[in-house]
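Secondary and tertiary structure notes
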Amino acid sequence: MDCVASVIQMEVRPGRVEDNLARALAGVRAAAGWGSNLVLLPEMFTCGFDNENLAAHAGASERALSLLSEAAAGRSVMICGSLPEVSGGKIYNTAVAIGPDGRVLCRYRKIHLFRPTEEDRYFGAGESPGLFPTPWGKVGIMTCYDLRFPELARSLCAAGAAMLLVPAQWPSVRIRHWEVLLAARAVENQVFVIGANACGKSGDLLLGGRSALLSPWGRILKRAGARPARLSARLDMDEVERARKAVPVWEDRRPAAYGKAGTEQ
């Protein structure tokens, strides 16, 4: 079954929840008008990393989710993006997937926190991968820095993911890493990878954009530049099986041998 997937690359202005949410919803409406089945928003799309005010922004997240649920149900489209969530006295960077009926399908708390920008100081770390069923197969979620950890992507795909969603706020200074890692995760796992990066200035940090949709062969189906953009591509989900038959990576894996690394021979 084909899936028409869209990415909303937008400026996420720190602390400007209403402005950010309005742009996100406008993007969702536009994508739905193109016939999209799935729309991916950037990481922390409601408020950015306005870290000193995260508790207040997290308090506004339920309203944001309510509006996204209405948009999803009203247009029969699936929506995913990350925003702050409070639970158990901690704030999490939580990616939420909302189904076309408006119900929440998955809440994934970012596992790997980027210590150079002190994410570990402001956020709790998630403990469980994000994987959920869709009409096009299982879909996994990795948030920004998670992309640097191939073991997470592999575990999601070993559990059946045919597509990986990557909401992000990746900086311009390391944008080449973003492009390489998106392609690597697609090629090594033979899955579709969709990356939605923010763009523009976030405080003193320039975000890189370059959001993209990639095939299981690592082919770029659509890619944005450094400015706000809306991308859409039709994904032939049968391509996952074709790629795996052509290059039988999954059949040729030998997990029992991998655990011997570092042992004396």
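Residues numbered from 1 in each chain as written. Predicted model: local features only at pLDDT ≥ 70, side-chain atom pairs only at ≥ 80, totals over all residues. Heavy atoms only, no water.

1. Notes on helix α3 (residues 61-75)
Helix length check: α3, at 15 residues, gives a terminal C-alpha distance of 21 Å against a target of 21 Å (1.5 Å per residue), a fit within 8%. The set of residues buried in α3 consists of Ser61, Ala64, Leu65, Leu68, Ser69, Ala71 and Ala72. Seen end-on, α3 carries its buried residues on one side only, within an arc spanning 165°. Those residues of α3 that are exposed and aimed more than 90 degrees away from the buried face are Glu70 and Gly74. Where α3 is buried, its residues meet α1 (17-33), α2 (54-59), β3 (78-87), β4 (90-98) and β5 (104-109). Of the residues flanking the end of α3, it is Ser76, one or two places downstream, whose phi is positive at about 50°. (Helix = DSSP H or I, 4+ residues; strand = E, 2+ residues; numbered from the N terminus. Expected span 1.5 Å × (residues − 1). Buried < 20%, exposed > 50% of the residue type's maximum accessible area, 1.4 Å probe, protein only. Arc of directions from axis to C-beta. Contact = heavy atoms within 4.5 Å.)

2. Side note on the side chain of Asp146
Among the structural elements, Asp146 can be located in the loop between β7 (138-141) and α5 (150-158). Salt bridges are absent for the buried Asp146, whose nearest opposite-charge side chain, Lys110, sits at 6.5 Å. Contact partners of Asp146, with chain neighbours within four places excluded, come to Tyr108, Lys110, Ile111, His112 and Leu152. (Lys, Arg positive; Asp, Glu negative; His and termini not counted. Salt bridge = Lys/Arg side-chain N within 4 Å of Asp/Glu carboxyl O.)

3. Brief notes about the packing of α5 against helix α6 (residues 175-189)
Where α5 meets α6, the axes come as close as 10 Å, and the angle between the chain directions of the two elements is 40°. Considered as vectors, α5 and α6 are oriented oblique to each other. α6 is crossed by α5, and the crossing has right-handed handedness. Across from Pro150, Ala153, Arg154 and Cys157 in α5, the residues of α6 making contact are Arg185, Glu188 and Asn189. When its residues are assigned to classes, the contact of α5 with α6 shows three nonpolar, one polar and three charged. (Axes fitted to C-alpha atoms, helices over the stretch in contact; angles between N-to-C directions. Parallel < 35°, antiparallel > 145°, perpendicular 65-115°, else oblique. Left-handed = near helix turned anticlockwise from the far one by under 90°. Nonpolar A, V, L, I, M, F, W, Y, C, P; charged D, E, K, R; others polar.)

4. Comments concerning the packing of aromatic side chains
Following the criterion strictly, the structure yields four aromatic pairs and no others. Between Trp170 and Trp178 the ring centres are 5.5 Å apart and the planes differ by 45°, which places this aromatic pair in the tilted class. Judged by its relative accessible area of 3%, Trp170 is buried. With relative accessibility at 0%, the residue Trp178 sits in the buried group. Taken together, the ring pairs in this structure connect Phe114, Tyr145 and Phe149 into an aromatic cluster. The positively charged end of Arg109 is found above the aromatic ring belonging to Tyr92, 4.2 Å away from the centroid. A cation over an aromatic ring shows up here: Arg154 above the ring of Trp250, its NZ or CZ 4.7 Å from the ring centre. (Phe/Tyr/Trp six-rings, centres within 6.5 Å; stacked < 30°, edge-to-face > 60°. Lys NZ or Arg CZ within 6 Å of the ring centre and 35° of its normal.)

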